[in-house]
Amino acid sequence: MTHLATEALAAEKLALHGGPKTKTTPFGTGRRFGEEEKRLLLEVIDSDVLFYVFGTKVRQMESLMKSMYGVRYASGCSSGTAAVHIALGALGIEPGREVITSSITDMGTLTGVLYQLLVPRFADIDPATYNMSPASVEKLVNRRTGAIIVVHHAGLPADIEALAAIGKKHGIPVIEDCAQAHLTRWKGRLLGTFGDIASYSFNHFKHITTGSGGAVLTNREDLEERVRLFVDKCYFRDGRRRNPYFLAPNYQMTELQGAVAVAQLGKVERIVRRRGELGARLIQGLKQVPGIVPQAVPEGAEHSFFLFVVRVDPAAIPVPVAEFCKALDAEGIPCEPNKITGGMPIYLYDVFQKQSAFPKSRLPFVSRDLGSRVSYPRGLCPVAEDAFEHTFNLGLTEFYTEADVDDMVKGVAKVAAHFRR
Ligand SMILES: Cc1ncc(COP(=O)(O)O)c(C=O)c1O
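Within any chain, residue numbers begin from 1 and follow the written order of that chain's sequence. Only residues with pLDDT of at least 70 get local features here, since the model is predicted, and only at 80 or more are side-chain atom pairs given and counted; chain-wide, interface and lining totals rely on the full set of residues. Based on all heavy atoms of the structure, the side-chain values leave hydrogens and waters out of the count.

Elements are defined by DSSP. Helices are runs of H or I of four residues or more, strands are runs of E of two residues or more, and each kind is numbered from the N terminus. Secondary-structure assignment places Ser199 in strand β8 (residues 197–201). In contact with Ser199, not counting residues within four places along its chain, are Ala83, Val84, Glu176, Asp177, Cys178, Ala179 and Ala215. In what follows, residue pairs with any heavy atoms lying within 4.5 Å of each other are defined as contacts.

The structure is reproduced here in structure tokens:
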């Protein structure tokens with residue numbers, strides 16, 4: 001953006017103050033479900049079977065994921081939360097061991113950790129990518145570490161080579177939480193194929209959805225049976241005698257979800273490619289706006305733009321992000337201030353602050369039996385805490401047009417020009 005263009009924008013009255021709105025046409029929309037979902041769902045109904053063991057659709061979706069990702073084993077399940085829990089259960093980590101993960105993620109990454117009586121440790125993030133920093137992870141590794149859960153946050157690959165190398169060096173298994181990063185590549189290789197085991201979510205907000213649903217992928221032969229059993233009460237479904245030998249929940253995917261998953265998997269490549277194109281255009285546009293810093297995309301990373309995160313540099317634009325967003329919203333550009341994922345570093349949630357995972361107990365955070373004693377004071381991950389303060393999320397879907405993206409850039413530039421020092 002030239003100096004003159006910036007001056008001209010600064011002179012424009014904000015829509016919030018009665019000036020002309022930037023976005024005067026509706027954003028592109030579209031339908032996520034269509035004929036393919038209807039056809040496959042009808043097949044399920046006609047088959048009179050909704051249970052995955054006797055049906056074909058969950059198996060079909062597992063085969064599809066196996067071939068798309070080039071892995072030897074895939075299992076459908078009921079959610080992304082379930083998928084992380086299954087990964088931990090399959091790895092068979094003893095209660096009381098520590099699990100290192102990102103300070104910015106969804107609670108679903110942590111639910112299974114707590115249920116398995118594992119002790120969460122939170123790594124800080126890189127200030128430019130908002131992904132967990134390998135240096136911060138390395139500092140947390142100790143002899144109690146039982147796993148590292150790498151979160152590929154916002155659809156941007158974390159520094160997975162460095163993180164997988166830390167796991168390898170210390171003999172610690174790596175789970176890749178790919179809930180936000182479907183079919184996303186790092187140096188041409190798909191995320192989910194770097195670690196020991198990977199989890200995916202098909203919740204409503206994800207690139208593809210089955211309403212609720214998830215999947216677990218692994219190349220490790222020794223994990224296959226435990227994954228299958230952890231999905232399904234530790235029941236053998238192949239006619240072997242029923243006699244569970246460990247504790248496992250029921251995280252089954254139904255045939256209805258399986259049918260929709262098959263249809264959605266047929267669309268994911270197009271969705272990811274389109275979001276990638278629009279996201280790249282949005283980044284290029286916003287980079288021209290002084291004081292506005294879009295999320296950095298490292299060399300070799302493909303961004304699938306589950307989220308679009310923007311930093312407002314407080315030195316250049318000294319205004320609270322909520323105020324910035326109020327003005328941007330009025331321009332017709334929806335945005336969410338201080339949100340990234342979760343609205344705050346995850347360790348500031350009550351369940352961690354009050355150590356209230358289980359009633360009348362501080363398990364697994366403080367326990368003589370487990371030998372654990374952790375707390376998560378404010379200031380634990382300063383980079384993550386600062387990130388929430390100074391960022392907002394812009395909405396971006398595969399249905400938007402280039403003109404929508406250009407309007408978003410114009411709106412941000414206008415508001416930035418108004419508030420700039
Ligand atoms: C990084 C991450 N992990 C796990 C989950 C949990 O997925 P689900 O909502 O399908 O349980 C989510 C969902 O938002 C997520 O973003």
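Here the narrative resumes, following the displayed structure.
Strands pair, by our definition, only if DSSP identifies at least two bridges between them. What the 4 strands build is an open sheet, ordered β10-β11-β15-β12; its pairing is antiparallel. The sheet is open, and its two edges are formed by β10 (292–294) and β12 (335–337), each paired on a single side. Adjacent strand axes in the sheet meet at a mean angle of 30° when their direction is disregarded. Between the N-to-C directions of two axes lies an angle of 0 to 180 degrees, each axis being a line fitted to C-alpha atoms and, for a helix, fitted only over the stretch in contact. Against the sheet, helix α10 (residues 268–287) engages β10, β11 (308–312) and β15 (391–394), with an angle of about 10° to β11. Packing of helix α13 (residues 382–390) onto the sheet brings it into contact with β11 and β15, and relative to β15 it is tilted by some 60°.

For the exposure calls, accessible area comes from a 1.4 Å probe over protein chains only, and a residue counts as buried if that area is under 20% of its type's maximum, exposed if over 50%, partly exposed in between. Of all 5 residues making up β8, 5 are buried, and the element is well covered by its neighbours. Burial along β8 is two-sided: the face carrying Ile197, Ser199 and Ser201 and the face carrying Ala198 and Tyr200 are both buried. By the bridge criterion, 5 bridges tie β8 to strand β9 (residues 214–218) in an arrangement that is antiparallel. Looking across to β9, one finds that Ala198 is bridged to Leu217.

A pair of packed helices can be characterised by two numbers: the angle between their axes and the separation between those axes. Closest axis-to-axis distance for the helix α3 (residues 57–69)/helix α9 (residues 255–265) pair is 7 Å, and the angle between their directions is 35°. As for how α3 packs across α9, the hand of that crossing is left-handed. Contacts from Lys57, Val58, Gln60, Met61, Leu64, Met65 and Met68 in α3 reach Glu255, Gly258, Ala259, Ala261, Val262 and Leu265 in α9. The sense of a crossing depends on the near helix, which, turned anticlockwise from the far helix by less than a right angle, makes the crossing left-handed and, turned clockwise, makes it right-handed.

Right, let's get into the packing of aromatic side chains. When the centres of two rings from Phe, Tyr and Trp lie within 6.5 Å, Trp using its six-membered ring, the rings pair. Their planes under 30 degrees apart give stacked, over 60 give edge-to-face, and anything left gives tilted. If you walk through the whole model with that rule in mind, you get 16 aromatic pairs. Here Phe51 and Tyr52 contribute two aromatic rings whose centre-to-centre distance is 5.5 Å and whose plane-to-plane angle is 80°, an arrangement assigned as edge-to-face. The class of Tyr52 is buried, set by a relative accessible area of 5%. Here Phe51 and Phe54 contribute two aromatic rings whose centre-to-centre distance is 5.2 Å and whose plane-to-plane angle is 85°, an arrangement assigned as edge-to-face. By relative accessible area, Phe51 is classed as partly exposed at 25%. The criterion is that NZ of a Lys, or CZ of an Arg, lies within 6 Å of the ring centre and within 35 degrees of the ring normal, and then a charge sits over that ring. Over the ring of Phe27 we find Lys23, and its NZ or CZ is 4.7 Å from the ring centre.

Topologically, Ser212 is positioned in the loop between β8 and β9. With 10 residues separating them in the primary sequence, Ser212 and Phe202 have C-alpha atoms 5.6 Å apart. Leaving out residues up to four positions away in the same chain, Ser212 has contacts with Ser78, Ser79, Phe202, Asn203 and Gln257. Polar contact criterion, stated in full: a pair of N or O atoms within 3.5 Å, where within protein one must be able to donate a hydrogen and the other to accept it, and residues adjacent in sequence count only if both atoms are side-chain atoms. At 2.8 Å, the side chain of Ser212 forms a polar contact with the backbone oxygen of Ser78.

Right, let's talk about the nonpolar core for a bit. Judged by nonpolar contacts, the single largest core of 54 residues is most densely connected at Ile86, Leu88, Phe122, Ile197, Phe352 and Tyr376. Only β1 (73–77), α4 (80–91), α5 (108–115), β3 (119–123), β4 (145–151), α8 (221–231), α12 (350–353) and α13 provide two or more residues apiece to this core. For this core, the leading source of residues is α4, giving 8 residues. Setting aside chain neighbours within four positions, we find Leu88 in contact with Ile93, Val99, Gly112, Val113, Gln116, Leu118 and Ile175. By nonpolar core is meant a set of buried Ala, Val, Leu, Ile, Met, Phe, Trp, Tyr and Cys residues that side-chain atoms within 4.5 Å join together.

Moving on: the site of the ligand. Lining the immediate environment of the ligand, one finds 14 residues, of which Gly80, Thr81, Asp177, Ser201 and Lys206 sit closest. Contact between the ligand and Gln180: an oxygen atom at 2.9 Å from a side-chain N or O atom of the residue. With respect to the ligand, the side chain of Asn203 contributes an N or O atom lying 2.8 Å from an oxygen atom. Residue exposure ignores everything except the shown protein chains as possible cover, and the areas themselves are Shrake-Rupley values with a 1.4 Å probe. Coverage of the ligand by the protein amounts to 90% of the 390 Å² it exposes when considered alone. To be near a molecule or strand, a residue needs just one of its heavy atoms within 4 Å of it.

Next up on the list: the sheet that holds strand β5 (residues 174–177). On the basis of which strands lie adjacent, the open sheet formed by 7 strands has the order β1-β9-β8-β5-β4-β2-β3 and mixed pairing. Here the strands that pair on one side only, and so sit at the sheet edges, are β1 and β3. Strand-to-strand twist of the sheet, defined as the mean angle between neighbouring strand axes without regard to direction, takes the value 20°. With 5 bridges connecting them, β1 and β9 associate as antiparallel partners. Bridge pairing in β9 places Gly76 opposite Ala215. In this fold α5 packs onto β2 (98–102), β3, β4 and β5, with an angle of close to 145° to the strand it touches most, β3. Contacting β1, β8 and β9, α8 runs over the sheet at an angle of about 10° to β1.

This is a description of form; function is not addressed.
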